[in-house]
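Single-letter residue listing:
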Amino acid sequence: MSQRPKEEYLPFVGLDPSTVFQEARIFHDVTIKERQCINVLTKILYVLSQGYTKKIPKTEATEVFFGVTKLFHSKNLVLRRVIYLALKELATISDDVIIITQSLTRDINSQNTIFKANSIRVLCQILDKAMLSHVDRFFKQAVVDKNNHVAASALVSGHHIFRKAPELIKKWLSEIQRCLTSKDPMIQYLALGLAYKIKKHDRLAISKLLLKVIQSKNLGRLSHSLLIRMSSIVLKHETNEKRRNKIFHYFKTILQSKNEIILMEVTKAICRIQNAPENLLLLALEVLERFLSSSMKVLKFCSVRIVAELAKKSPDLVAICNEQLEKLINDPNRTIATLAITTLLKTGNESSVDRLMNEINNIMNNIRDEFKITIVQAVGTLVVKFPAKCSMFLTFLSKSYRADGGFRFKKAIVDSFIKIVENVPQGKEDALYHLCEFVEDCDYVGLSCKILHLLGEEGPKTKNPTRYIGIIYNRTILEKAPIRASAISSLAKFAVLNPQLRSRILVLIKKCLKDPNDEVRDRATLYYNLISKDHSKANELISEPLGVPLLSLEYTLREYRNNLTEIPFSLLTVPKKIPKEVLDKEEKSIKQQRKKQTKKVDQLMNTKSTTKISQLIQQNPELSEFGQVFKVSKPIMLTEEETEYRVECVKLTFEKHFVFQMKCMNTLENVALSNLVVEMDGGQDCPFELVKTVKIPLLVFNEPGICYICMKIPEEKKYPSVSFLNTLNFITLDCDPETGEVLDYDEGYEDDYQIEDIQITLSDFIQPKKFNSFDQAWKKLTEKNAHEMSQTFSLSSMNDIKNSVSTMIDYLGMSACNDTDAVKKGSKKHLLLLAGSFVGNIPVLAKILMKLGDGAVQMKVLVKSTKEFACNAVVNAIY
């Protein structure tokens with residue numbers, strides 16, 4: 001007889017936070033009811049875990065916090081453990097939490113290890129930098145405690161304290177080093193991580209620490225994983241051959257491990273090291289080859305990704321994995337299949353190309369842009385390797401360009417065509433003609449200019465240069481100014497290099513002499529006069545390379561202008577090496593630009609005037625189309641101050657659009673973030689449509705940048721509250737520790753970082769407005785036959801008139817008139833008068849009569865406005 005499957009039981013679904021906090025009154029009872037208190041604390045923890053921390057008033061959270069502290073009299077182990085968890089969570093949203101310090105300090109000195117360990121974890125969260133120094137000795141003693149649970153808790157606390165007071169943790173170094181020899185794997189791991197944080201700015205100290213720890217025989221898998229990552233960092237800068245060889249020997253030894261996590265870490269590290277020994281790479285590839293045939297999808301994915309990275313720099317070595325990679329071509333996981341195919345494109349032979357291209361055509365429409373880019377780049381490399389297959393690759397690239405995709409995808413295709421033009425003579429003219437087709441339907445100014453420049457360089461040297469001239473000239477009529485300017489430069493090169501076409505091209509350039517744009521007109525005038533009067537000088541200036549750095553040329557021209565002489569200016573006087581004073585001046589200019597950028601970011605984030613911020617926004621061509629800003633919110637922190645990435649948000653309301661202005665700061669040294677943007681998820685029912693994102697191209701250490709997420713306000717004029725889950729997406733790039741410059745823009749890896757949620761509420765669409773006489777304003781709206789709506793509500797979560805008044809003012813974003821925001825002490829009845837201006841400058845007024853009764857606040861709301869949707873929005877928001 002078959003058993004019925006048990007139904008999933010979720011006891012806290014739909015739990016009302018206000019009800020839970022009312023239940024917390026049980027904590028104040030004279031007799032502690034342990035089972036009931038455990039149940040209520042569990043509910044509180046659930047509510048806090050669901051993201052209600054920002055919605056709970058501080059007064060209410062503080063009251064619950066102090067109620068929980070009264071439960072310290074209980075010796076029940078289960079209750080005490082839940083108490084510690086609750087205190088840790090409530091401490092972040094309560095006031096005067098420092099009062100609990102004495103009770104926690106008493107528990108740290110307790111003989112009960114559970115009390116001791118948990119009190120350490122809570123204390124490090126509650127105390128600030130100044131107070132931590134007074135209890136530092138308790139933490140230091142706990143680090144070397146005989147009980148592993150207590151020691152681990154102290155080390156975890158050390159990681160948290162390091163963010164606030166790193167100089168305090170540096171005093172623990174001797175105790176931490178003793179923990180490195182512990183037999184407990186978790187203590188080893190936590191101590192190693194903390195030791196690395198303390199010494200990370202001292203390369204020699206890190207190397208010594210590393211070489212000392214790798215000699216240990218009883219390291220756990222987590223410690224090995226961390227050691228491998230530390231070794232990778234050390235090897236980037238380590239020049240001592242003896243120390244490098246010791247690390248390589250450690251890698252070779254650890255490759256014999258049976259633990260999959262360790263093996264994956266070490267193979268990834270070996271494959272990413274610059275100039276790794278070939279015998280070590282081969283050992284790593286043997287492990288990866290074994291994982292490629294694993295039944296575990298995660299192992300297959302990780303392995304094929306590492307192999308794909310290695311194939312970029314060592315395709316011949318990776319060829320030993322081809323047999324296993326062939327089996328992954330038809331893998332049901334599209335990501336694994338795509339990585340396998342792109343790797344085979346780099347490592348395979350000419351006979352396998354046709355089959356691989358067929359597979360690529362089958363999956364191309366079902367994969368993300370990042371994988372499309374990888375495939376296109378691989379094809380660009382492959383066509384140079386196998387020029388006989390050029391026509392097939394050109395057809396593929398042409399078809400790909402017409403498919404949907406973003407800028408980076410289109411740029412990768414253009415770059416592949418350029419590679420063919422430069423390296424494959426038999427495909428040169430076909431590739432140029434394909435580019436001519438693309439430039440006629442290109443949405444990106446930069447790509448159009450790039451193609452036109454290439455046509456100007458290579459087109460005049462082809463068998464039939466006339467086929468390109470008409471296409472290029474059309475750009476001077478149909479396109480934007482930068483493209484028109486590039487087209488004129490290309491035409492000039494055709495005229496110089498093809499004398500038989502010169503007269504016809506001059507006619508075309510002459511038509512551009514009256515172009516409305518200064519740059520286009522100046523170029524046309526210069527080239528027309530040069531070509532028509534002095535052919536030899538035109539050839540020298542237009543078609544031949546300049547031969548000197550532009551910075552040197554600019555410097556020499558400025559000097560010539562400042563010291564005018566009768567001697568004509570000559571390029572021979574321009575230094576071929578940039579002078580030191582010019583480089584210093586350029587560096588100073590860059591610093592000034594960065595300072596100016598920082599000032600502009602601060603203005604955008606701290607300006608409350610809608611007029612001023614509108615002027616600043618209008619300077620950004622990506623956002624100028626949205627018009628005037630209607631409302632600017634206060635800055636909202638979406639991360640903690642101590643985190644590696646800081647994000648602060650200001651909400652900007654326009655008439656038809658809503659924009660999140662995100663100020664981002666990177667606090668990690670030796671790391672830069674490129675293509676940074678905040679990805680916002682409002683759920684399936686979100687009525688706000690994403691229309692544009694403006695990324696931060698590059699965010700270097702300790703310099704702010706701003707990205708924008710732009711949404712369209714629903715046309716049906718509904719303004720529901722929407723909460724967005726936010727993730728910071730970026731590409732991490734390594735920087736030179738000395739100069740701070742990015743080492744290699746192509747060697748970055750994609751990463752993300754979860755940040756706090758943010759909401760759009762009705763208050764974002766209403767600007768508070770003051771009236772000298774609310775009654776007169778109400779009367780004027782009545783005379784205009786304004787729309788009116790009333791509704792009655794019961795606020796069960798509120799049991800106080802004063803709190804209800806401040807809550808309604810903040811929630812609706814309106815201004816209290818006639819001093820109705822002031823409530824008499826102990827008042828049980830109150831009339832609140834609110835006024836505001838809805839987005840689109842629509843006046844809206846509200847009368848809210850509040851009455852206290854039956855432990856809840858009863859409200860009668862009367863809203864009046866010239867637009868019906870404004871009345872609906874206010875009433876529905878309260879509902």
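Residues numbered from 1 in each chain as written. Predicted model: local features only at pLDDT ≥ 70, side-chain atom pairs only at ≥ 80, totals over all residues. Heavy atoms only, no water.

Draft legend 1. Main features of the packing of aromatic side chains. Summed over the entire model, instances satisfying the criterion amount to 15 aromatic pairs. Centroid distance Tyr250 to Phe251: 6.0 Å. Interplanar angle 40°. Geometry classified as tilted. The same class applies to Tyr250 and to Phe251, which are both buried. Considering the side-chain rings of Tyr401 and Phe438, the 4.0 Å spacing of their centres and the 10° angle between planes classify their relative orientation as stacked. Of this pair, Tyr401 sits in helix α24 (residues 390-402) while Phe438 sits in helix α26 (residues 428-439), and the two are 37 residues apart along the sequence. Assigned by exposure class, Tyr401 and Phe438 land together as buried. Within the aromatic cluster, the residues linked to one another by ring pairs are Phe658, Phe660, Phe688, Phe724 and Phe765. Positioned above the aromatic ring of Phe409, the side-chain terminus of Lys372 is 5.5 Å from the ring centre. Directly above the aromatic system of Trp778 lies the positively charged group of Lys847, at a separation of 4.3 Å from the ring centroid. (Phe/Tyr/Trp six-rings, centres within 6.5 Å; stacked < 30°, edge-to-face > 60°. Buried < 20%, exposed > 50% of the residue type's maximum accessible area, 1.4 Å probe, protein only. Helix = DSSP H or I, 4+ residues; strand = E, 2+ residues; numbered from the N terminus. Lys NZ or Arg CZ within 6 Å of the ring centre and 35° of its normal.)

Draft legend 2. Region of interest: the sheet that holds strand β5 (residues 671-681). Taken in spatial order, the 4 strands of this open sheet run β7-β5-β9-β10, and their pairing is antiparallel. What marks the edges here is a single partner per strand, and that holds for β7 (696-699) and β10 (749-760). Averaged over neighbouring strand pairs, the angle between their axes works out to 30° when direction is ignored. (Pairing = 2+ DSSP bridges. Axes fitted to C-alpha atoms, helices over the stretch in contact; angles between N-to-C directions.)

Draft legend 3. Inspection of the pattern of salt bridges at higher detail. One pass over the full model with this rule turns up 23 salt bridges. Between Glu437 and Arg402 there is a salt bridge, with the nearest N and O atoms lying 3.1 Å from each other. Within this pair, whereas Glu437 is found in helix α26, its partner Arg402 is found in helix α24, the two being separated by 35 residues in sequence. By relative accessible area, which is 31% here, Glu437 ends up partly exposed. For Arg523, the salt bridge goes to Glu519, with nearest N and O atoms at 2.8 Å. Within this pair, Arg523 and its partner Glu519 are both found in helix α31 (residues 518-533), separated by 4 residues, close to a single helical turn. By relative accessible area, Glu519 is classed as partly exposed at 41%. (Salt bridge = Lys/Arg side-chain N within 4 Å of Asp/Glu carboxyl O.)

Draft legend 4. Expanded view of the packing of α26 against helix α27 (residues 445-458). The contact between α26 and α27 brings their axes to 10 Å, and the two run at 145°. The crossing of α26 and α27 is left-handed. Here Lys428, Leu432, Leu435, Cys436 and Val439 of α26 lie close against α27, whose contacting residues are Ser448, Ile451, Leu452, Leu454, Leu455 and Glu458. The class makeup of the residues in the contact of α26 with α27 is 8 nonpolar, 1 polar and 2 charged. (Left-handed = near helix turned anticlockwise from the far one by under 90°. Contact = heavy atoms within 4.5 Å. Nonpolar A, V, L, I, M, F, W, Y, C, P; charged D, E, K, R; others polar.)

Draft legend 5. Seen up close, the pairing of strand β16 (residues 856-865). Counting buried positions along β16 yields 7 of 10 residues, so the element is predominantly enclosed. Note that strand β12 (residues 787-795) and β16 share 9 bridges and pair antiparallel. Pairing of Glu788 across the sheet is with Lys864, part of β16. In this sheet, β16 lies alongside strand β15 (residues 842-853) in antiparallel orientation, the contact comprising 10 bridges. Paired with Leu849 across the bridge in β16 is Lys860.

Draft legend 6. Geometry of the pairing of strand β9 (residues 722-734). Here 9 bridges tie β5 to β9, and the two strands are oriented antiparallel to one another. Opposite Val678, over in β9, you have Leu728 as the bridge partner. Alignment of β9 against β10, held across 10 bridges, turns out to be antiparallel. Bridge pairing in β10 places Phe730 opposite Asp751.

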